[in-house]
Amino acid sequence: MFADVAPVTLAQIDDARQRLDGVAIQTPVVACDAAPAGRDVWLKLENLQPIGSFKVRPIGNAVLSRPRWQLSEGIYTSSSGNSALGVAWMAQRLSLKATAVVPDNAPEAKLAGLRRLGAEILVLPYDDWWRVIETGRHEGLDGFYVDAVRDPASLAGDGTIGTEIASQLPGLDAVFVPFGGGGLASGIACAIKALSPATRIVACELETAQPMRRAMMAGHPVEGPADPGFVSGVGYGSVLPEMWPLVSAMIDEVVVVTLGQVRKAIRAMVERNHVVAEGAGAVAVAAALFGDHRHARVCSVVSGGNIDTATMGSILMSGRDGQAL
């Protein structure tokens, strides 16, 4: 079982930044051209990372912070796609065996990426896949399990996004972050709350899958319905219990959006900013543009851009109705 996760320090985050030099890039921020009048929305473009996702930061730091002997039998993770891509990419760089445990609804774009990187892919029914995430192990698989959420090294890797945002955009009202396992939001929060205490951390969820909002209303993790639709990487049934002490302390509020608003945000980024985002990568943008909040100057983390071509095509074609973005 995992212990409760504690905050990481700026020193740990700086160590991660140095360790990730040459692995992850410092991503740019750009103004979102679809922002409504009176609201400045900036996009933190983690979709430009080498694997198309921020996950190269937590996975990269988690792997590189281990002694090589601990990785000798290979590395694996349980992921809907982006963490697995990070594991496969790091394994290729270090000449290690990589195994990706994925759910049976994993997006084809991410599976194709795993095949290109030479990872072994183990497909499990959703409940069995989620159990691997909960326990951090799978019977029959050898090697080091890379946890992208609860490992302090992973949190420190996520924290490097927060230090970049604080430097690039001082004085923000809020940082909007998609909420999946909670590692990204709380890792960024560890940096932001140390460097810009007045800036609020906003977790962004789907109307059809909102474990963080349920937990905040109840005061503890609550199992509930989760139907993330075409969006992978967010919208699980419950907050992981080991993450609750950290996310409850680090996240200031939750904004919920519809799948339609996520599609609208994806279309807006393509047409107005020439930015490709996957569903999870657009959740925070949808929340900033269309969600119920009062923040005037915000940064939304575009966490990834690994979207199936057919899904993107359908979203873009659905906007050809003359309606304003």
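Draft legend 1. The arrangement of helix 4 (residues 108–116) in detail. Along helix 4, the residues classified as buried are Lys110, Leu111, Gly113 and Leu114. Burial along helix 4 is one-sided: seen end-on, the buried residues are contained in an arc of 160 degrees. Looking at the buried positions of helix 4, the neighbouring elements they touch are helix 3 (82–94), strand 4 (98–103) and strand 5 (120–124). Looking at the residues trailing helix 4, positive phi occurs at Gly118, about 80 degrees.

Draft legend 2. Molecular detail of the nonpolar core. Residues Val175 and Met212 are the most contacted members of the largest nonpolar core, which totals 46 residues. If you tally residues by element for this core, the top one is helix 7 (residues 183–195), at seven residues. Leaving out residues up to four positions away in the same chain, Val175 has contacts with Ile165, Ile188, Ile192, Thr199, Arg200, Ile201, Val202, Cys299 and Val301. If you look at the next biggest cluster of nonpolar residues, it comprises 39 residues, including Phe176, Leu206, Val231 and Ala288.

Draft legend 3. Spotlight on the pairing of strand 7 (residues 174–178). Of all five residues that make up strand 7, five are buried, and the element is covered over most of its length. As paired elements, strand 7 and strand 8 (residues 200–206) share five bridges and run parallel to each other. In the sheet register, Pro178 faces strand 8, and the bridge partner there is Cys204. Handedness of the crossover is the feature at issue here: the chain leaves strand 7, passes through helix 7, returns alongside strand 8, and the resulting connection is right-handed. Note: strand 7 against strand 10 (residues 297–302), three bridges, orientation parallel. Looking at the pairing, Phe176 lines up with Ser300 of strand 10.

Draft legend 4. A look at the state of the cysteines. Going through the model one piece at a time under the given rule, you end up with zero disulfides. Its sulfur unpaired, Cys32 is 11 Å from the next cysteine sulfur, which belongs to Cys299. The thiol sulfur of Cys190 is not disulfide-bonded, and the nearest other cysteine sulfur, from Cys299, lies at 17 Å.

Draft legend 5. Representation of the pairing of strand 5 in the model. As paired strands, strand 4 and strand 5 are joined by five bridges and run parallel to one another. Note on strand 5: the bridge partner recorded for Thr99 is Glu120. Chirality of the crossover, the property in question, places the unit of strand 4, helix 4 and strand 5 among those that are right-handed.

Draft legend 6. Inspection of the pattern of salt bridges at higher detail. One pass over the full model with this rule turns up 13 salt bridges. The partner of Lys110 in a salt bridge is Glu278, with the nearest N and O atoms 2.7 Å apart. Of the two residues, Lys110 is situated in helix 4 and Glu278 in the loop between helix 10 (259–273) and helix 11 (279–290); the sequence distance between them amounts to 168 residues. Classification of Glu278 by relative accessible area gives buried; the value is 3%. For the salt bridge of Arg150 with Asp147, the shortest nitrogen-to-oxygen distance reads 2.8 Å. Like Arg150, the residue Asp147 is buried in the burial classification.

Reading guide: rules and limits
- Residues numbered from 1 in each chain as written.
- Predicted model: local features only at pLDDT ≥ 70, side-chain atom pairs only at ≥ 80, totals over all residues.
- Heavy atoms only, no water.
- Buried < 20%, exposed > 50% of the residue type's maximum accessible area, 1.4 Å probe, protein only.
- Helix = DSSP H or I, 4+ residues; strand = E, 2+ residues; numbered from the N terminus.
- Arc of directions from axis to C-beta.
- Contact = heavy atoms within 4.5 Å.
- Core = buried A, V, L, I, M, F, W, Y, C linked by side-chain atoms within 4.5 Å.
- Pairing = 2+ DSSP bridges.
- Right-handed = clockwise from strand over helix to strand, strands pointing away.
- Disulfide = S-S within 2.5 Å.
- Salt bridge = Lys/Arg side-chain N within 4 Å of Asp/Glu carboxyl O.

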